[in-house]
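One letter stands for each residue in the lines below.
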Amino acid sequence: MKRCPYCFESLKFKQNICPHCAQFIIDDLIEVDYEPADTKRCMFCGKNILTEAVVCRHCHRWLDELNDALEENNEK
Ligand SMILES: [Zn+2]
Ligand SMILES: [Zn+2]
(Lines give C-alpha, C1' and ligand atoms only; values in the text may rest on other atoms or scores of the structure.)
(Ligands and ions follow the chains in the order given, each with its own letter.)
Protein backbone atom coordinates (compact mmCIF):
# COMPACT_ATOMS: atom_id res chain seq x y z
CA MET A 1 0.00 0.00 0.00
CA LYS A 2 1.36 3.40 -0.96
CA ARG A 3 1.16 6.23 1.50
CA CYS A 4 1.79 9.92 1.51
CA PRO A 5 5.29 10.63 2.86
CA TYR A 6 3.92 13.55 4.85
CA CYS A 7 0.55 12.70 6.39
CA PHE A 8 0.95 8.92 5.91
CA GLU A 9 -2.59 8.56 4.58
CA SER A 10 -3.04 5.96 1.83
CA LEU A 11 -2.87 7.05 -1.80
CA LYS A 12 -3.89 4.91 -4.75
CA PHE A 13 -1.31 6.53 -7.00
CA LYS A 14 1.16 9.38 -6.89
CA GLN A 15 -0.50 12.74 -7.24
CA ASN A 16 1.01 16.19 -7.45
CA ILE A 17 -0.85 17.28 -4.37
CA CYS A 18 -1.91 14.97 -1.58
CA PRO A 19 -5.71 15.07 -1.23
CA HIS A 20 -5.37 14.50 2.52
CA CYS A 21 -2.77 16.99 3.68
CA ALA A 22 -2.72 19.27 0.59
CA GLN A 23 1.08 19.18 0.34
CA PHE A 24 2.94 19.07 -2.96
CA ILE A 25 4.37 15.56 -3.13
CA ILE A 26 8.00 15.99 -4.14
CA ASP A 27 9.25 12.84 -2.42
CA ASP A 28 8.51 9.24 -3.29
CA LEU A 29 5.46 7.65 -1.77
CA ILE A 30 6.09 5.34 1.16
CA GLU A 31 5.36 1.68 0.49
CA VAL A 32 4.20 -0.16 3.60
CA ASP A 33 2.59 -3.54 4.12
CA TYR A 34 0.85 -2.76 7.39
CA GLU A 35 -2.09 -0.67 8.44
CA PRO A 36 -0.87 2.13 10.69
CA ALA A 37 -3.01 2.13 13.81
CA ASP A 38 -1.21 4.36 16.26
CA THR A 39 -2.28 7.96 16.40
CA LYS A 40 -1.03 11.07 18.08
CA ARG A 41 -2.54 14.47 18.59
CA CYS A 42 -1.63 17.32 16.32
CA MET A 43 0.10 19.92 18.45
CA PHE A 44 -1.52 22.69 16.44
CA CYS A 45 -5.19 21.70 16.10
CA GLY A 46 -5.39 18.85 18.64
CA LYS A 47 -6.97 16.34 16.24
CA ASN A 48 -5.80 12.75 15.94
CA ILE A 49 -3.33 11.97 13.18
CA LEU A 50 -1.16 8.96 12.41
CA THR A 51 1.99 8.61 14.50
CA GLU A 52 4.12 8.48 11.36
CA ALA A 53 2.69 11.72 9.99
CA VAL A 54 4.87 14.81 9.78
CA VAL A 55 2.06 16.90 8.31
CA CYS A 56 -1.35 17.21 9.95
CA ARG A 57 -4.11 16.22 7.53
CA HIS A 58 -6.55 18.48 9.36
CA CYS A 59 -4.72 21.79 9.61
CA HIS A 60 -1.99 20.95 7.03
CA ARG A 61 0.83 22.17 9.26
CA TRP A 62 4.28 20.58 9.48
CA LEU A 63 4.74 19.07 12.91
CA ASP A 64 8.52 19.18 12.76
CA GLU A 65 8.40 22.97 12.55
CA LEU A 66 7.63 23.00 16.23
CA ASN A 67 10.15 20.25 17.06
CA ASP A 68 12.88 22.28 15.39
CA ALA A 69 11.86 25.34 17.35
CA LEU A 70 11.85 23.44 20.63
CA GLU A 71 15.26 21.92 19.96
CA GLU A 72 16.73 25.30 19.18
CA ASN A 73 15.36 26.67 22.41
CA ASN A 74 16.80 23.75 24.39
CA GLU A 75 20.25 24.30 23.00
CA LYS A 76 20.36 27.90 24.07
ZN1 LIG B 1 -0.60 13.67 2.63
ZN1 LIG C 1 -3.49 19.82 12.95
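Residues numbered from 1 in each chain as written. Chains lettered and ligands numbered in written order. Predicted model: local features only at pLDDT ≥ 70, side-chain atom pairs only at ≥ 80, totals over all residues. Heavy atoms only, no water.

Remarks on the overall build of the protein chain
No. 1: Of the regular secondary structure elements, the protein chain holds one helix and four strands.
No. 2: Shown N-terminal to C-terminal, the secondary structure of the protein chain runs as helices and strands in the order β-β-β-β-α.
No. 3: Taken over 76 residues, the protein chain has a buried fraction of 29%.
No. 4: Across the protein chain, every contact between residues at least 6 apart in sequence was considered, and the portion connecting residues at least 24 apart equals 34%. (Helix = DSSP H or I, 4+ residues; strand = E, 2+ residues; numbered from the N terminus. Buried < 20%, exposed > 50% of the residue type's maximum accessible area, 1.4 Å probe, protein only. Contact = heavy atoms within 4.5 Å.)

Digging into the packing of aromatic side chains
The way to describe two aromatic rings as a pair is by their centre distance and the angle between their planes.
No. 1: A full pass over the atoms with the stated rule returns one aromatic pair.
No. 2: Positioned above the aromatic ring of Phe44, the side-chain terminus of Arg61 is 3.9 Å from the ring centre. (Phe/Tyr/Trp six-rings, centres within 6.5 Å; stacked < 30°, edge-to-face > 60°. Lys NZ or Arg CZ within 6 Å of the ring centre and 35° of its normal.)

Brief notes about the nonpolar core
No. 1: Within the largest apolar cluster, nine residues are counted, these being Cys4, Tyr6, Cys7, Leu11, Cys18, Cys21, Ile25, Leu29 and Val55.
No. 2: Contact partners of Cys7, with chain neighbours within four places excluded, come to Cys18, His20, Cys21, Leu50, Ala53, Val55 and Arg57. (Core = buried A, V, L, I, M, F, W, Y, C linked by side-chain atoms within 4.5 Å.)

A short note on the coordination of the zinc ion (ligand 1)
Octahedral metals with six donors have ideal donor angles of 90 or 180 degrees. Tetrahedral metals with four donors have an ideal donor angle of 109.5 degrees.
No. 1: The protein atoms donating to the zinc ion (ligand 1) are Cys4 (SG), Cys7 (SG), Cys18 (SG) and Cys21 (SG), with metal-donor distances spanning 2.2 to 2.3 Å.
No. 2: Given four donor atoms and angles of 105 to 114° at the metal, the environment of the zinc ion (ligand 1) is assigned as tetrahedral.
No. 3: Each donor residue of the zinc ion (ligand 1) lies on one chain, and together they are spaced C-x2-C-x10-C-x2-C. Remark: Cys21 occurs in the loop between strand S1 (2-3) and strand S2 (30-31) and Cys4 occurs in the loop between S1 and S2; sequence separation between them is 17 residues. By the burial criterion, Cys4 is buried, and Cys21 matches it. (Donors = N, O, S within 2.8 Å, 3.2 Å for Na, K, Ca; no water. Tetrahedral: all angles 85-135°; square planar, octahedral: opposite > 155°, others 65-115°.)

Regarding the coordination of the zinc ion (ligand 2)
No. 1: Looking at the zinc ion (ligand 2), the protein donor atoms are Cys42 (SG), Cys45 (SG), Cys56 (SG) and Cys59 (SG), and they sit 2.2 to 2.3 Å from it.
No. 2: Looking at Cys45, the relative accessible area reads 32%, which means it is partly exposed.
No. 3: The exposure class assigned to Cys56 is buried, which follows from its relative accessible area of 0%.

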